[in-house]
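# Structural overview for review
For reference, the chains in residue letters:
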Amino acid sequence: MASHRPRENWSSRLGVILAVSGSAVGLGNFLRFPGQAAQYGGGAFMVAYFISFLLIGLPICWAEWAMGRSAGQKGYNSCPGIFNYIARHPAAKYAGVIGVIIPVIIYMYYVTIEAWCLGYAVNFAGGKMAFSTADDAGKFWSDFIGMAGDGQAMGFGLQKVGGYLLFVFILNFVLVYRGLAKGIEWFCKFAMPTLVVLALVILVRVLTLGAPDPSVPENNVVNGLGFMWNPVKVMVTDTGVEGAAPVEVVDPGQIAAAEADPAKTVTRITVWEQLKKPQLWLAAAGQIFFSLSVGFGIILTYASYLRRHDDVVLSGLSASSANEFCEVGLGGLITLPAAVAFLGVSGVAGAGTFGLGFNVLPMVFANMPAGNLFGFLFFFLLFLAAVTSSLSMLQPGIAFLEEAMGIGRHMSVALLGSLTALGSGFVVWFSKDVKALDTLDFWVGTFLIYILATIQVVIFAWIFGVRRGFEELHRGAAMRVPRIFGFILQWVTPALLLIIFATWLLKDVLGLGGGELSGYIKDLFGESANLIAQLSVGLILVVAATVTLILSRAQIYKNELKQPPPQSRPEA
């Protein structure tokens, strides 16, 4: 067993809640969530999002807390070790390789985005972001991240990303080097309250904007909230203009005027029509995974450092609730209403994560009174949120190296630092059209997360067992998980995951049933293959092969299989 190694613990219950909340609260809350909501139509996305939270995110979150704490009592802190201990099958530890690959690879590009946020904050503080047009904002963004050509992001200076990347990379590893309590937990205890205060300040400013341009009264905060929450989309087409594309309209006055105008056609797309799209569900569930840090292997590792009677039910619910407050109550209410108030619904609808965050928002702040101050505060908020998340992405890899190789924290930090430095260098060098980052995000940040989440829920519900899993959950718990979640974990969650994933894979990735073959597949094979995309997938395979090789030589997991399987115990 693994109990011979020195065991780390969180120093307090509040500390672990803040650390897990910090893991969840990150760029996904303030950039990815508003971007996904804008791209997939606002209200319908929110419906799918909350259903995914209740039926997929929260159940898997509790499953990870239970399995992580259970295996942690025997000294297993990595995903391979936890799966090996729970499932008692040689193949289980190899399935756990995915739980090491995901956070390590995501860290490689996440830390780059973290550097972008810090760079934008510094440039706002220096008054360098006063853009007069969207083209100016887009050009700054393109030059800053080196989008025009590979290697162009490597420079140093206030308007180049290289120096910021070096700083944030060192900061992350200094904090991780200090350990759980003195590094990760210590930073989150200061960063989490700070980012909430900053977010509230910005939120108050946004919600008091009204209609910034009196000549365009429909561009206002109320319509921004309507765009985010209305489940029915209203599209207006000007039939008097040949080839005119339909435009989404939210303002009730504009809708009434369009309905009264014979030259315009008003079409309502119901929420049911929108919810038939598998890509919408994949985006909503994927956002839940990304924002709650479920399906990453992070919560498994964090929970493994808990003591036997620490409350995992309330801790899991508290961390999830804190994340939802930051994501929906702060991130969504800041970004989308502000963007609509300055740019209108047509300027926001369909915008993606990066387009909304780094192109649209700088324009918003540039046209806002005291814009440099609020721009600095917003992007510094993003930076703090990103650090609390990137720290959590390093811990699963460190735990694996310590466990499988029998080495100390300092050596494991050095090894992981070398590996992720190479990966981050790869991402920032191949910056043209952010191809490397985008490819890694698709195959790891979307594809592999679904696979790991499905494996986790199957292991919990069908191998660990719902009854034994709930016994573990309720040990030391101040509240009980409603019984309905046993049924949800055993049947509903795996069924939803498989249906959403299979439908998306067949239609949107493989192009079957009238769909089109995904560009991510075309990038890898055939005449339109892209070398950078191929190298990016090669990087994932190299990391996977390295982890698998280390795993195959680790005696600790073979020894565990010789022990009798853990049995159900009466609740304490």
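The coordinates are above.
Residues numbered from 1 in each chain as written. Predicted model: local features only at pLDDT ≥ 70, side-chain atom pairs only at ≥ 80, totals over all residues. Heavy atoms only, no water.

Along its 21 residues, helix α18 (residues 409–429) runs 29 Å from first to last C-alpha, staying within 8% of the 30 Å computed at 1.5 Å per residue. Buried within α18 are the following residues: Arg409, Ser412, Val413, Leu416, Gly417, Thr420, Gly423, Ser424, Phe426, Val427 and Val428. (Helix = DSSP H or I, 4+ residues; strand = E, 2+ residues; numbered from the N terminus. Expected span 1.5 Å × (residues − 1). Buried < 20%, exposed > 50% of the residue type's maximum accessible area, 1.4 Å probe, protein only.)

As a further point, take the layout of surface pockets. Rolled over the atoms, a probe as big as a water molecule pinpoints where empty space is left. Looking at the largest pocket, its volume works out to about 710 Å³. Along the walls of the largest pocket sit 30 residues, with Arg32, Gln36, Asp438, Asp441 and Tyr520 positioned nearest its centre. Of all the secondary structure elements, the ones that give two or more residues to the lining of the largest pocket are α2 (27–39), α6 (98–125), α13 (278–292), α16 (353–366), α19 (435–474) and α20 (484–509). Counted by class, the lining of the largest pocket contains 16 nonpolar, ten polar and four charged residues. Volume-wise, the second largest pocket comes out at about 290 Å³. Considering the residues around the second largest pocket, the lining is formed by 18 residues, among which Glu218, Val247, Glu248, Val249 and Gln254 are closest to the centre. Mapped onto the lining of the second largest pocket, the elements with two or more residues apiece are β2 (247–248), α11 (252–260) and α15 (312–348). (1 Å grid on protein atoms, 1.4 Å probe; cavity = no way out; pocket = protein on both sides within 12 Å on 5 of 7 lines; lining within 4 Å. Points joined across faces, edges and corners; volume = space filled by probe spheres on them. Nonpolar A, V, L, I, M, F, W, Y, C, P; charged D, E, K, R; others polar.)

The subject of this paragraph is the environment of Pro90. Note on placement: Pro90 falls in helix α5 (residues 90–95). Sequence separation between Pro90 and Phe383 is 293 residues, and the spatial gap between their C-alpha atoms is 41 Å.

Turning our eyes to something else, we now look at the packing of aromatic side chains. Under the criterion given, the structure shown has 43 aromatic pairs. Taking 5.6 Å as the distance between ring centres and 45° as the angle between the ring planes, the aromatic pair formed by Phe365 and Phe378 counts as tilted. Residue Phe365 is located in helix α16, and its partner Phe378 is located in helix α17 (residues 371–405); the two are separated by 13 residues in the primary sequence. A relative accessible area of 3% means that Phe365 is categorised as buried. For the ring pair Phe442 and Trp443, a centre distance of 4.9 Å and an interplane angle of 85° mean the geometry is edge-to-face. Since its relative accessible area comes to 9%, Phe442 is described here as buried. An aromatic cluster of at least three residues, connected via ring pairs, comprises Trp116, Tyr120, Phe124, Phe131, Phe140, Trp141, Phe144, Tyr164, Phe358, Phe365, Phe378 and Phe379. (Phe/Tyr/Trp six-rings, centres within 6.5 Å; stacked < 30°, edge-to-face > 60°.)

Another point: the nonpolar core. Note that soluble globular proteins tend to have their nonpolar side chains buried in a common cluster. Core analysis: the largest hydrophobic core is formed by 207 residues, its most contacted members being Phe30, Phe45 and Trp116. With residues near it in sequence (within four places) discarded, Trp116 still touches Trp141, Phe144, Ile145, Val161, Phe354, Phe358, Val434 and Leu437. (Core = buried A, V, L, I, M, F, W, Y, C linked by side-chain atoms within 4.5 Å. Contact = heavy atoms within 4.5 Å.)

This part is about the environment of Tyr305. Checked against the element boundaries, Tyr305 lands in the loop between α14 (298–303) and α15. Residue Tyr305 is classed as buried on the basis of its relative accessible area of 2%. Remark: the alpha-carbon pair of Tyr305 and Asn9, spanning 296 residues in sequence, is separated by 5.0 Å. A distance of 2.9 Å separates polar atoms of two side chains, one belonging to Tyr305 and the other to Gln395. (Polar contact = N/O pair within 3.5 Å; in protein donor to acceptor, adjacent residues only side chain to side chain.)

With that out of the way, let us pick up the pairing of strand β1 (residues 233–238). Of all the six residues making up β1, five are buried; the element is thus mostly covered by neighbouring parts of the structure. Here β1 runs beside strand β3 (residues 264–269); their pairing, made up of six bridges, is antiparallel. Its bridge partner lying in β3, Asp238 is registered against Lys264. Both β1 and β2 contribute to a ladder of two bridges, which runs antiparallel. By the bridge assignment for β2, Val236 is matched with Val247. (Pairing = 2+ DSSP bridges.)

Another aspect to go through is the pattern of salt bridges. Applying the stated criterion across every chain, the model contains nine salt bridges. In this structure, Lys435 engages Asp523 in a salt bridge whose closest nitrogen and oxygen atoms are separated by 2.9 Å. On the criterion of sequence distance, the pair formed by Lys435 in helix α19 and Asp523 in the loop between α21 (519–522) and α22 (531–552) is long-range, its members being 88 residues apart. Asp523 sits in the buried class, given a relative accessible area of 11%. We note a salt bridge from Glu471 to Arg467, for which the minimum N-O separation is 3.1 Å. One end of the pair is Glu471 and the other is Arg467, both in helix α19 and four residues apart, which spans about a single turn. Overall, Glu471 belongs to the buried group, its relative accessible area being 13%. Via salt bridges that share partners, Arg69, Glu472 and Arg475 belong to a single interconnected network. (Salt bridge = Lys/Arg side-chain N within 4 Å of Asp/Glu carboxyl O.)

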